[in-house]
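Each chain, letter by letter, is given below.
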Amino acid sequence: MRVGLVGVGRIGARHAAILAAHPEVSEVLVTDTAPEAAHALADSLGLTFVASSQVLVAERPDALVIASPTPTHAALVRAAITAGIPVFCEKPVAATLEGTIDLARLERETGAFVQVGFQRRFDPGYRRARELVRSGGLGRLHTIRGNTFDPEPPPAAYLRGSGGIFRDCSVHDFDILRFVTGSEAEWVLAAGSAHGDPVFAEVGDVSSATTLVALDVGAVATLSAARHNAAGYDVRMELAGESGTVCVGLDDATPLASAEEGVPWPAEAPHHLFLDRFATAYAAEIAGFIDLASQPGASSPCSLADALAATRLAEAATRSCQEERVVRLEEVPGA
Ligand SMILES: NC(=O)c1ccc[n+]([C@@H]2O[C@H](COP(=O)([O-])OP(=O)(O)OC[C@H]3O[C@@H](n4cnc5c(N)ncnc54)[C@H](O)[C@@H]3O)[C@@H](O)[C@H]2O)c1
């Protein structure tokens, strides 16, 4: 297969290495608006440099991976769908809710294969938790707790364009909540606070937040996000049911210490960034994409409809935090 890749920054460089090592991929064509970065990566991994994303789409690769900045995603996904090229796009697929709705409509109308980069769906721990929920191993779920804590905030320029903590960060927790529980949210209540860099308050964002999500199955989830967590990159999900409790992300590299005396856990250095915490998941999602992109009529493991559902939760949480009230999901446009 010939696979195109747009953007070779933090996540794009990782996808490039995975694609270059994939046995079914004969050629990786890369482009980036910083050509020296694309050239350097192409030289080190044996990829083909292409001058622009327009030239790349015109080359008609068998599949396209989009890892450029968020504002570029919607037009690139549209171009790939129009050219009939199966496409993998990093989250978020569009900068706005309206843009996401438009893309989900296009997916419905064309039946195009689009996979969105919510990599937690490929993480072994989340998949095991999902199987336990599905098989009834936990009994009736009553309580879910999740968190995404970054070691340090991204640069101010990134925060200004991020859309806020719920759209940028908690959106991963919203997606995986739907994936693991198989249920939908009825309403949310979110709160947060801004500290550290003044940019948070300037742009109306918060640096830590919690969203309470009431699910249609009767269980309640609390999902927290924080930008300052010097202990490490801490992503966990705890699911408690009437027959058992399980925790995703609880291992020897969890950035968490016990306050009990004589408890020597965790034993290893804590996870520092998403690239190490989710290394297995990134490799599995790209391998899954390569596999499915060559199968006519395959259904996406994370479609634009899924991306829209997570985006609507992020919109509802943003509104709830700003307006200090419960927001029901039907208040947020979805079609
Ligand atoms: N799924 C995840 O865990 C995850 C993690 C990180 C980033 N992301 C998403 O991936 C995307 C990229 O994030 P990043 O952190 O790698 O950013 P980055 O800034 O490190 O890299 C972006 C790259 O795209 C290039 N670029 C900019 N405009 C371009 C254009 N018009 N065409 C081609 N290339 C262009 C830049 O030169 C840069 O090399 C964002 O949408 C982000 O939300 C997802």
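Please read all numbers here as calculations on a predicted model, not as lab measurements.

Participant: How do you make sense of the site of the ligand when you look at a structure like this?
Facilitator: Surrounding the ligand, one finds 23 residues, the nearest of these being Arg10, Asp32, Thr70, Glu90 and Tyr282. The contact in question runs from a nitrogen atom of the ligand to an N or O atom on the side chain of Gln119, over 3.1 Å. At 2.7 Å from an oxygen atom of the ligand is found a side-chain nitrogen or oxygen belonging to Tyr282. Protein contacts shield 79% of the accessible area of the ligand, which totals 840 Å² for the unbound molecule. Residues belonging to the shell around the ligand are distributed by class as follows: 9 nonpolar, 10 polar and 4 charged.

Participant: Would you take a moment to explain the packing of aromatic side chains for this structure?
Facilitator: In this description, an aromatic ring pair is defined by two values, namely the gap between the centres and the angle between the planes. The final tally for this structure, using the stated rule, is 3 aromatic pairs. A centroid spacing of 5.8 Å and a plane angle of 55° characterise the contact between Phe88 and Phe289, whose relative ring orientation is tilted. With Phe88 in strand β5 (residues 87-89) and Phe289 in helix α11 (residues 279-293), this pair connects stretches of sequence that are 201 residues apart. You'll find Phe88 and Phe289 in the same group, each marked buried. On the basis of an interplanar angle of 25° and a centroid distance of 6.2 Å, the ring pair of Phe113 and Phe289 is categorised as stacked. Highlighted residues: Phe113 in the loop between α5 (97-110) and β6 (114-116) and Phe289 in helix α11, separated in sequence by 176 residues. An identical accessibility class is assigned to Phe113 and Phe289; each is buried. Among the aromatic residues, ring-to-ring pairing joins Phe88, Phe113 and Phe289 into one connected group. The ring centre of Phe122 lies 5.5 Å from the NZ or CZ of Arg127, which sits over that ring. We note Arg130 situated over the ring of Phe179; from NZ or CZ to the ring centre the distance is 4.0 Å.

Participant: Even after reading the chapter, I still don't get α11, so can you show me in this structure?
Facilitator: Because each turn of an α-helix spans 3.6 residues, side chains separated by three or four positions end up pointing in the same direction. Taking 1.5 Å per residue as the helical rise, α11 with its 15 residues ought to reach 21 Å, and the 21 Å between its terminal C-alpha atoms agrees with that figure. Listed as buried for α11 are Ala281, Tyr282, Glu285, Ile286, Gly288, Phe289, Ile290, Leu292 and Ala293.

Participant: What exactly am I supposed to notice about helix α1 (residues 10-20) here?
Facilitator: By the burial criterion, the buried members of α1 are Ile11, Gly12, His15, Ala16, Ile18 and Leu19. Down the axis of α1, the buried side of the element spans an arc of 165°, and every buried residue falls inside it.

Participant: Explanation requested: unusual backbone geometry in the structure shown.
Facilitator: Phi is mostly negative for residues that are not glycine, and the peptide bonds are mostly trans. Omega for the peptide link from Lys91 to Pro92 comes to -15°, which places this bond in the cis form. Summarising the element assignment, Pro92 is placed in the loop between β5 and α5. Omega for the bond connecting Trp265 with Pro266 falls within 30 degrees of zero, at 0°, which places this linkage in the cis form. Inspection of the secondary structure assignment puts Pro266 in the loop between β12 (245-248) and α10 (274-277). In this model, Arg60 sits at a positive phi of 50°, which is unusual for a non-glycine residue. Looking at the element boundaries, Arg60 is found in the loop between α3 (53-58) and β4 (63-66). With relative accessibility at 52%, the residue Arg60 sits in the exposed group. One non-glycine residue, Glu324, lies in positive phi territory at about 50°. By the element assignment, Glu324 lies in the loop between α12 (304-323) and β13 (327-328).

Participant: Sorry if this is basic, but what is going on with the sheet that holds strand β10 (residues 220-226) here?
Facilitator: Within a sheet, adjacent strands bond to each other through the backbone by hydrogen bonds, running parallel or antiparallel. What the 7 strands build is an open sheet, ordered β12-β11-β7-β10-β9-β8-β13; its pairing is mixed. One side of each edge strand has no neighbouring strand; the edge strands of this open sheet are β12 and β13. Pairing geometry for strand β9 (residues 208-215) and β10, over 7 bridges, is antiparallel. Bridging from a neighbouring strand, Leu212 pairs with Thr222 of β10. This element, α12, spans β8 (185-193), β9 and β13 of the sheet and lies at about 50° to β8.

Participant: I tried to follow the sheet that holds β5 on my own but got confused; where do I start?
Facilitator: Here we have 6 strands laid out as an open sheet, ordered β3-β2-β1-β4-β5-β6, and parallel in their pairing. Only two strands of the sheet have a single partner each, and these edge strands are β3 (48-49) and β6. Where strand β1 (residues 2-6) lies against β4, 4 bridges are found, and the strand directions are parallel. Counted as the bridge partner of Leu5 is Val65 from β4.

The rules behind the values
Residues numbered from 1 in each chain as written. Predicted model: local features only at pLDDT ≥ 70, side-chain atom pairs only at ≥ 80, totals over all residues. Heavy atoms only, no water. Near = heavy atom within 4 Å. Polar contact = N/O pair within 3.5 Å; in protein donor to acceptor, adjacent residues only side chain to side chain. Areas by Shrake-Rupley, 256 points an atom, 1.4 Å probe, with all protein chains shown as cover. Nonpolar A, V, L, I, M, F, W, Y, C, P; charged D, E, K, R; others polar. Phe/Tyr/Trp six-rings, centres within 6.5 Å; stacked < 30°, edge-to-face > 60°. Helix = DSSP H or I, 4+ residues; strand = E, 2+ residues; numbered from the N terminus. Buried < 20%, exposed > 50% of the residue type's maximum accessible area, 1.4 Å probe, protein only. Lys NZ or Arg CZ within 6 Å of the ring centre and 35° of its normal. Expected span 1.5 Å × (residues − 1). Arc of directions from axis to C-beta. Pairing = 2+ DSSP bridges. Contact = heavy atoms within 4.5 Å. Axes fitted to C-alpha atoms, helices over the stretch in contact; angles between N-to-C directions.

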